[in-house]
Amino acid sequence: QVQLVESGGGWVQAGDSLRLSCVGSGVTFSAYSIAWFRQAPGKDREFVAAKRLSGGATYYLDSVKGRFTISRDNVKNTAYLQMNSLRPEDTAVYYCAIGVPILSAVRTPSAYRHWGQGTQVTVSS
């Protein structure tokens, strides 16, 4: 059974940093593209970042470019999201996901097959 478990969330002040981790079990990480999404209260789930299986190209939500970095360690079956210069508008539950999306769907939640349970990130001003 595939399981993804996120950790690293918390309560921080604006300008602080957090690193989220996503550990996979029952799955070979190297066979999948990885992504992070987030969902704030009352809002739809939003794409944050992705790192494709083929070539390792990365994609980011415009508002996080230059602040967030997605990475992966296939040996550890772990994905990371380094978040710097956090802003109050980054407050959300963050989810990791794995799948094999086509290029045009890399930002689409339905393109990812397996999801973690989410970790809360709260940024105060």
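Calculation criteria
Residues numbered from 1 in each chain as written. Predicted model: local features only at pLDDT ≥ 70, side-chain atom pairs only at ≥ 80, totals over all residues. Heavy atoms only, no water. Helix = DSSP H or I, 4+ residues; strand = E, 2+ residues; numbered from the N terminus. Rg over C-alpha atoms; globule rule 2.2 N^0.38 Å. Buried < 20%, exposed > 50% of the residue type's maximum accessible area, 1.4 Å probe, protein only. Contact = heavy atoms within 4.5 Å. Phe/Tyr/Trp six-rings, centres within 6.5 Å; stacked < 30°, edge-to-face > 60°. Pairing = 2+ DSSP bridges. Axes fitted to C-alpha atoms, helices over the stretch in contact; angles between N-to-C directions. Polar contact = N/O pair within 3.5 Å; in protein donor to acceptor, adjacent residues only side chain to side chain.

(A) Quick peek at the overall build of the protein. A count of helices and strands for the protein gives 0 helices and 11 strands. In sequence order, the protein lays out its α and β elements as β-β-β-β-β-β-β-β-β-β-β. Radius of gyration (C-alpha) of the protein: 13 Å, near the 14 Å computed for a compact globule of 125 residues. Overall, the protein is about 40 × 25 × 25 Å in size when its C-alpha atoms are taken along their principal axes. Residue burial in the protein is summarised as follows: out of 125 residues, 46% are buried. When contacts within the protein are restricted to residue pairs at least 6 apart in sequence, long-range pairs at least 24 apart make up 59% of them.

(B) Quick look at the packing of aromatic side chains. Summed over the entire model, instances satisfying the criterion amount to 4 aromatic pairs. An angle of 70 degrees between the planes, with centres 5.5 Å apart, marks the rings of Phe 37 and Tyr 112 as edge-to-face. Of this pair, Phe 37 sits in strand β4 (residues 33-39) while Tyr 112 sits in strand β10 (residues 112-115), placing them 75 residues apart in sequence. Taking relative accessible area as the criterion, Phe 37 reaches 0% and is therefore assigned buried. Where Phe 37 meets Trp 115, the ring centres are 5.0 Å apart and the plane angle is 45 degrees; that geometry is what we call tilted.

(C) Spatial organisation of the sheet that holds strand β7 (residues 68-73). Taking strand neighbours across the sheet as the criterion, the 4 strands line up as β1-β3-β8-β7 in an open arrangement whose pairing is antiparallel. Single-partner strands in this sheet number two, and they are β1 (3-7) and β7. Neighbour to neighbour, the strand axes of the sheet diverge by 15 degrees on average, direction disregarded.

(D) Summary view of the environment of Arg 72. Here Arg 72 is to be found in strand β7. On a C-alpha basis, the gap between Arg 72 and Pro 88 in space is 26 Å, while along the polypeptide they are 16 residues apart. Beyond its immediate stretch of four places on either side in the chain, Arg 72 contacts Phe 29, Ser 30, Tyr 32, Ser 33, Ile 34, Lys 51, Arg 52, Leu 53, Thr 78 and Ala 79. Engagement of the side chain of Arg 72 in a polar contact is seen with the side chain of Asn 74, the distance being 3.0 Å.

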